[in-house]
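Here's the letter readout for the chains.
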Amino acid sequence: MDLDQLQNKLYENKSLFIGEETAFRSAVIIPLVEAEGEWHVLFEVRAFTMRKQPGDISFPGGKIDITDASPMEAALRETHEELGIDPKTVQIIEELSPYIASPSFVVYPFVAVIDYHEIIRSYNKEEVEEVFTIPLKWLMEHEPYMHLVSIEVAPPDNFPFEKIMNGDQYKFRSHSLEEWFYEYGTYTVWGLTARVLKHFIDIVKK
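Below or above, wherever it landed, is the structure these notes cover.

Thresholds, definitions, all that
Residues numbered from 1 in each chain as written. Predicted model: local features only at pLDDT ≥ 70, side-chain atom pairs only at ≥ 80, totals over all residues. Heavy atoms only, no water. Salt bridge = Lys/Arg side-chain N within 4 Å of Asp/Glu carboxyl O. Helix = DSSP H or I, 4+ residues; strand = E, 2+ residues; numbered from the N terminus. Polar contact = N/O pair within 3.5 Å; in protein donor to acceptor, adjacent residues only side chain to side chain. Contact = heavy atoms within 4.5 Å. Pairing = 2+ DSSP bridges. Axes fitted to C-alpha atoms, helices over the stretch in contact; angles between N-to-C directions. Buried < 20%, exposed > 50% of the residue type's maximum accessible area, 1.4 Å probe, protein only.

## Things to note about the pattern of salt bridges
Alright, step 1. For the coordinates displayed, the defined rule picks out seven salt bridges.
Alright, step 2. A salt bridge links R77 to D65; its shortest N-O distance comes to 3.3 Å. Taken as a pair, R77 in helix α2 (residues 71–83) and D65 in the loop between β4 (61–63) and α2 lie far apart in primary sequence, 12 residues in all.
Alright, step 3. In this structure, D68 and R77 form a salt bridge, with 2.8 Å as the shortest nitrogen-oxygen distance.
Alright, step 4. Within this structure, D65, D68, R77, E78 and E81 form a network of salt bridges that share partners.

## What about the side chain of R46?
Alright, step 1. With respect to the secondary-structure elements, R46 resides in strand β2 (residues 38–46).
Alright, step 2. Of the polar contacts made by the side chain of R46, one reaches the backbone oxygen of Q53; its length is 3.1 Å.
Alright, step 3. With near-sequence residues (within four places) excluded, R46 lies in contact with K52, Q53, P54, G55, D56, S58, E127 and E129.

## Remarks on the sheet that holds strand β10 (residues 175–184)
Strand pairing in a sheet is mediated by backbone hydrogen bonds. Such pairs are either parallel or antiparallel.
Alright, step 1. Reading across from one edge, β9-β10-β11 is the order of the three strands in this open sheet, with antiparallel pairing throughout. Strand pairing shows two members of the sheet lacking a second neighbour, β9 (145–151) and β11 (187–190), which therefore form its edges. Looking at each pair of strands side by side, their axes are set apart by 30 degrees on average, direction ignored.
Alright, step 2. Note that β10 and β11 share four bridges and pair antiparallel. By the bridge assignment, E183 is partnered in β11 with T188.
Alright, step 3. Helix-sheet contacts for helix α5 (residues 191–205) involve β10 and β11, and the interaxial angle to β10 is about 80 degrees.

## Examining the environment of V111
Alright, step 1. Checked against the element boundaries, V111 lands in strand β7 (residues 105–113).
Alright, step 2. Residue class for V111 comes out buried when judged on its relative accessible area of 5%.
Alright, step 3. Between the C-alpha atoms of V111 and P31, which are 80 residues apart in sequence, the distance is 6.2 Å.
Alright, step 4. Sequence-distant contacts of V111, defined by excluding residues within four places in its chain, comprise I30, L32, Q91, I92, I93, E94, L96 and F200.

Below, the structure written as structure tokens:
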């Protein structure tokens, strides 16, 4: 293999980050809806009967399937399944930077305009308990609060300590995870949804 061939391989197979190909990949839409003469961000409350994260507040979206041609297609498909929105009526405004929660988990967010009135009539009651909106202006004027969560590294008993310098005395680097919270009426937006939301709002405020 000559240098040109090597360069071409590196260019053609460049991923967003090391591990992207094997990571759990999901895509979400940050839905903008027009209500009462101003823009709102729409959220879902996950159905209480859902196996994973029942009652949590989220954006429409989910896992990128192997049959999805792109993260955007996955986001539109999931939004259709959850909110009943025809993908052809969704106006994608922009794709945001992916949120790399860890080397094994990445989320691709898209900002889009959707029809609020269509959602109210058609959202999937088996997956979505309710939908609600928060005015974009309110989100820009109210700062979320943050708590740090410590993440500690705990190797299993069969970890090959004999292969590394300092063995079982090796000092693994721990870190802290920022958890953001938005309080709006009786709703608390937190976790991954709040992290993506904050990134979006920070961009809008610049």
